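Below, each chain spelled out in residue letters.
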Amino acid sequence: MSRQQVKARVGDCAEQYLFHGTRRACHIGDDNNNLNPCNNPDCFFCSILKCSFSMAHVGAHEMFGKGIYTSSCSSKADGYVWNWHMHSHKHTMFLSNVVTGRVQPLYTPDQNRTAPDSGFDSTEGMTTANGGSVQYPETIVYREDAILPSVVVVYTRQQK
């Protein structure tokens with residue numbers, strides 16, 4: 001089902017801005033002179049910039065199955081951000097448009113999941129405060145056409 005079909009079925013409220021963290025293997029975003037995506041196959045950040053999200057690159061053993069993970073909490077996404085084989089004080093993540101449609105709540109891990117159950121368009125890992133198994137909410141889509149990188153967030157982490 002396409003993004004337009006999902007939105008037609010469930011309405012405009014079915015789209016959210018959510019954070020997605022991934023690894024970066026180049027210095028894109030470190031300064032205003034370095035804004036071109038690299039061609040390093042280890043740089044998932046630039047791959048997403050150039051070609052959007054790909055189900056071919058998602059992890060196979062994630063908590064709620066093989067999907068593209070996002071969160072409304074930037075600190076949750078930051079846990080998946082890392083600079084791969086390079087040193088930089090800058091870090092990057094995406095703020096993405098995610099067409100969630102009808103969201104299926106998940107209370108327990110299911111690493112074998114490859115799609116939401118029938119009648120749903122995405123899943124959400126429920127927090128422990130709501131009887132689930134994650135500390136921060138996680139929204140998972142299982143289709144590339146349900147997510148679009150919209151904003152690049154470049155930041156530094158404060159030392160504690």
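Per an unreviewed UniProt entry, the protein goes by Poly [ADP-ribose] polymerase and derives from Ceriporiopsis subvermispora.

A. Fine view of the overall build of the protein. Looking only at helices and strands, one finds three helices and nine strands in the protein. The order of α-helices and β-strands along the protein, N terminus first, is α-β-β-α-β-α-β-β-β-β-β-β. Dimensions of the protein, computed from C-alpha atoms along their principal axes, come out at roughly 45 × 35 × 25 Å. Burial analysis of the protein (160 residues in total) assigns 43% to the buried set. Here the analysis covers contacts within the protein between residues at least 6 apart in sequence; of these, 68% occur between residues at least 24 apart.

B. Expanded view of the nonpolar core. Cys26, Cys43, Phe45, Cys46, Ile68, Val141 and Ile147 are the most contacted members of the largest nonpolar core, which totals 18 residues. Those elements that provide at least two residues to this core are helix H2 (44-51) and strand S5 (90-99). At three residues, H2 tops the list of elements feeding residues into this core. Not counting the four nearest positions on each side in its chain, Phe45 is found in contact with Thr22, Arg23, Arg24, Ile28, Thr92, Met93, Phe94 and Val152.

C. The packing of aromatic side chains, seen in detail. Inspection of the entire model under this criterion finds three aromatic pairs. A ring pair is formed by Phe45 and Phe94, whose centres lie 4.5 Å apart and whose planes are at 15 degrees; its orientation type is stacked. Here Phe45, found in helix H2, pairs with Phe94, found in strand S5; they are 49 residues apart in sequence, far enough to count as distant. Centroid distance Trp82 to Trp84: 6.5 Å. Interplanar angle 65 degrees. Geometry classified as edge-to-face. A residue is classified by how much of its surface remains accessible, and Trp82, at 37% relative accessible area, is partly exposed. Overall, the relative accessible area of 28% leaves Trp84 in the partly exposed class. One aromatic cluster is present, built from ring pairs that chain together Phe45, Phe53 and Phe94. Stacked on the ring of Phe44, the Lys or Arg Arg23 has its end atom at 3.9 Å from the ring centre.

D. The sheet that holds strand S1 (residues 15-21), seen in detail. Taken in spatial order, the three strands of this open sheet run S1-S5-S9, and their pairing is antiparallel. Each edge of the open sheet is held by one strand with a lone partner, namely S1 and strand S9 (147-156). If you compare each strand with its neighbour and ignore which way they point, the axes differ by 25 degrees on average. Summarising the sheet, S1 and S5 pair through seven bridges and their orientation is antiparallel. Bridge pairing links Glu15 to Val99 in S5. In the packing of H2 onto the sheet, contacts are made with S1, S5 and S9, and the angle to S5 comes to roughly 40 degrees.

Rules used in this analysis
- Residues numbered from 1 in each chain as written.
- Predicted model: local features only at pLDDT ≥ 70, side-chain atom pairs only at ≥ 80, totals over all residues.
- Heavy atoms only, no water.
- Helix = DSSP H or I, 4+ residues; strand = E, 2+ residues; numbered from the N terminus.
- Buried < 20%, exposed > 50% of the residue type's maximum accessible area, 1.4 Å probe, protein only.
- Contact = heavy atoms within 4.5 Å.
- Core = buried A, V, L, I, M, F, W, Y, C linked by side-chain atoms within 4.5 Å.
- Phe/Tyr/Trp six-rings, centres within 6.5 Å; stacked < 30°, edge-to-face > 60°.
- Lys NZ or Arg CZ within 6 Å of the ring centre and 35° of its normal.
- Pairing = 2+ DSSP bridges.
- Axes fitted to C-alpha atoms, helices over the stretch in contact; angles between N-to-C directions.

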